[in-house]
Amino acid sequence: MSVMDILIALVPALGLGFQVICMQLIGGKYTNKVMGMAIVTLLVGIGVYFIKQPVLTPVLWLGAALSGIGFCIGIILQVKSFSLVGVSMTMPISVGEQLVGTALVGALCFHEWTTVSQWLLGVGALILIVIGIAMTAYQERRDQGSNVKKGMLYLLVSSLGFVAYASFPTAFHLGGWDMVFPQAVAIFVAMIILCSFEKQPQLFAVKTWQNMATGVCFAIANLGIIFSNEINGVAVGYTISQLNVIISTLGGLWILHESKTPKEVKMIIAGVILVVAGGIMIGVTK
């Protein structure tokens, strides 16, 4: 890999990592945060459509719609969990659960693990990730037990949504660039519908427009992963993109100044290392 290839592979990690920090710094209701992302996603999708001009078949629309709905469920519940357990706990658990889910779907449904060595490496990676998740969820103080339980439930359902988001394009054999526009439409429509269930959703309030900056981070990451997969291959692109958990977790601790005891900080950092190590091992199996 050249230096340029490595830099391209890092773009999704930087975009996804700073997306979380950006939305928390801007603030607003969760509806403002996710709608800001959805608006930019739609605008970028329209731009990509006119450049790439994909053939919009019924299969493409169906796969993109299912993937987009999965993303909306995933991001809404993930953002909700920020207010319950904080970014520094949410992100390593969320990424870890997504890694476990996508790896299992890939191995069991798409038969991506076909050799004994792949299964040994993959199962070892999953064990590391589960241990890492448990470490990042460690609490020295138990005064927020109800919030943690609710946050963990949100994250479990959120991760299932993200696994659907990642898996449906493979299930429908859809290309990366072809997906961008129909998926963006699905995300925008589904986000409006899901957010409308909130009391006073304020979908297009000032904070929503400010959170378009969050959408820019996501768009950079989304387009970056397509470029990276084309240049570096899925194994390298997928693996390096998971480094976003380092940026978001450390950002939660040091930029957002989330309250953690010294022992909790050590456990979170150690857990992140295990989750990243597991992600790299899964990338090697692809």
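All of these numbers come straight from a predicted model, not from anything done at the bench.

Novice: Which residues make up the packing of aromatic side chains, and what values go with them?
Specialist: All chains considered together, the criterion is met by ten aromatic pairs. Its end group placed over the ring of Trp 177, Lys 52 keeps NZ or CZ at 4.9 Å from the ring centre.

Novice: Describe unusual backbone geometry, naming the residues involved and giving the relevant values.
Specialist: Backbone geometry at Gln 202 places phi at a positive 50°, although glycine is not the residue there. Along the chain, the position of Gln 202 falls in the loop between helix H7 (176-195) and helix H8 (206-210). The class for Gln 202 is partly exposed, based on a relative accessible area of 41%. With phi around 55°, His 257 is a residue other than glycine that occupies positive phi space.

Novice: Any chance you could break down the pattern of salt bridges for me, citing the residues and the numbers?
Specialist: Applying the stated criterion across every chain yields a total of one salt bridge. Across the salt bridge formed by Lys 29 and Glu 198, the nearest N and O atoms sit 4.0 Å from each other. Of the two residues, Lys 29 is situated in the loop between helix H1 (3-26) and helix H2 (30-52) and Glu 198 in the loop between H7 and H8; the sequence distance between them amounts to 169 residues.

Novice: Give a detailed account of a nonpolar patch on the surface, specifying residues and quantitative values.
Specialist: Taken together, the side chains of Ile 69, Ile 73, Leu 153, Leu 156, Val 157 and Leu 160 present a nonpolar region at the surface, about 510 Å² in accessible area. The greatest single-element share of the nonpolar patch, amounting to four residues, is contributed by helix H6 (residues 145-171). Topologically, Val 157 is positioned in helix H6. Residue classification places Val 157 among the partly exposed residues on the basis of a relative accessible area of 35%.

Novice: I'd love a proper account of the packing of helix H11 (residues 244-254) against helix H12 (residues 262-285), names of residues and values included.
Specialist: One way to put it is that H11 packs onto H12 with a least axis distance of 10 Å and a crossing angle of 170°. Compared by their axis directions, H11 and H12 come out roughly antiparallel. Seen from H11, the contacting residues are Val 245, Ile 246, Thr 249, Leu 250 and Leu 253; seen from H12, they are Val 265, Ile 268, Ile 269, Val 272 and Val 276.

Novice: How would you explain the packing of helix H3 (residues 58-85) against H7 if you had to name every residue and give the values?
Specialist: The geometry of a pair of packed helices is captured by two quantities: the angle between their axes and the separation between those axes. Axis separation between H3 and H7 bottoms out at 7 Å; the angle between their running directions is 45°. Taken together, the axes of H3 and H7 lie oblique to each other. Relative to H7, H3 is oriented so that their crossing is right-handed. Class assignment for the residues of the contact of H3 with H7 results in 20 nonpolar, four polar and one charged.

Novice: Residues and numbers for the confidence of the model for the chain, please.
Specialist: For any part of a model where pLDDT is low, the fine detail of the predicted coordinates should not be relied upon. Summarising the model, the chain shows a mean pLDDT of 89, and 96% of its residues fall at 70 or more. Averaged over each element, pLDDT in the chain is lowest for helix H10 (residues 234-241) (70) and highest for H8 (96).

Novice: Account for H3, naming residues and giving values.
Specialist: Counted at 1.5 Å a residue, the expected span for H3 with its 28 residues is 40 Å, and the 40 Å between its end C-alpha atoms agrees. The first or second residue beyond H3 is Gly 86, which carries a positive phi of 90°.

Analysis parameters
Residues numbered from 1 in each chain as written. Predicted model: local features only at pLDDT ≥ 70, side-chain atom pairs only at ≥ 80, totals over all residues. Heavy atoms only, no water. Phe/Tyr/Trp six-rings, centres within 6.5 Å; stacked < 30°, edge-to-face > 60°. Lys NZ or Arg CZ within 6 Å of the ring centre and 35° of its normal. Helix = DSSP H or I, 4+ residues; strand = E, 2+ residues; numbered from the N terminus. Buried < 20%, exposed > 50% of the residue type's maximum accessible area, 1.4 Å probe, protein only. Salt bridge = Lys/Arg side-chain N within 4 Å of Asp/Glu carboxyl O. Patch = residues over 30% accessible without salt bridge, like charges linked within 9 Å, V, L, I, M, F, W, Y side chains within 5 Å. Areas by Shrake-Rupley, 256 points an atom, 1.4 Å probe, with all protein chains shown as cover. Axes fitted to C-alpha atoms, helices over the stretch in contact; angles between N-to-C directions. Parallel < 35°, antiparallel > 145°, perpendicular 65-115°, else oblique. Contact = heavy atoms within 4.5 Å. Left-handed = near helix turned anticlockwise from the far one by under 90°. Nonpolar A, V, L, I, M, F, W, Y, C, P; charged D, E, K, R; others polar. pLDDT = per-residue confidence, 0-100. Expected span 1.5 Å × (residues − 1).

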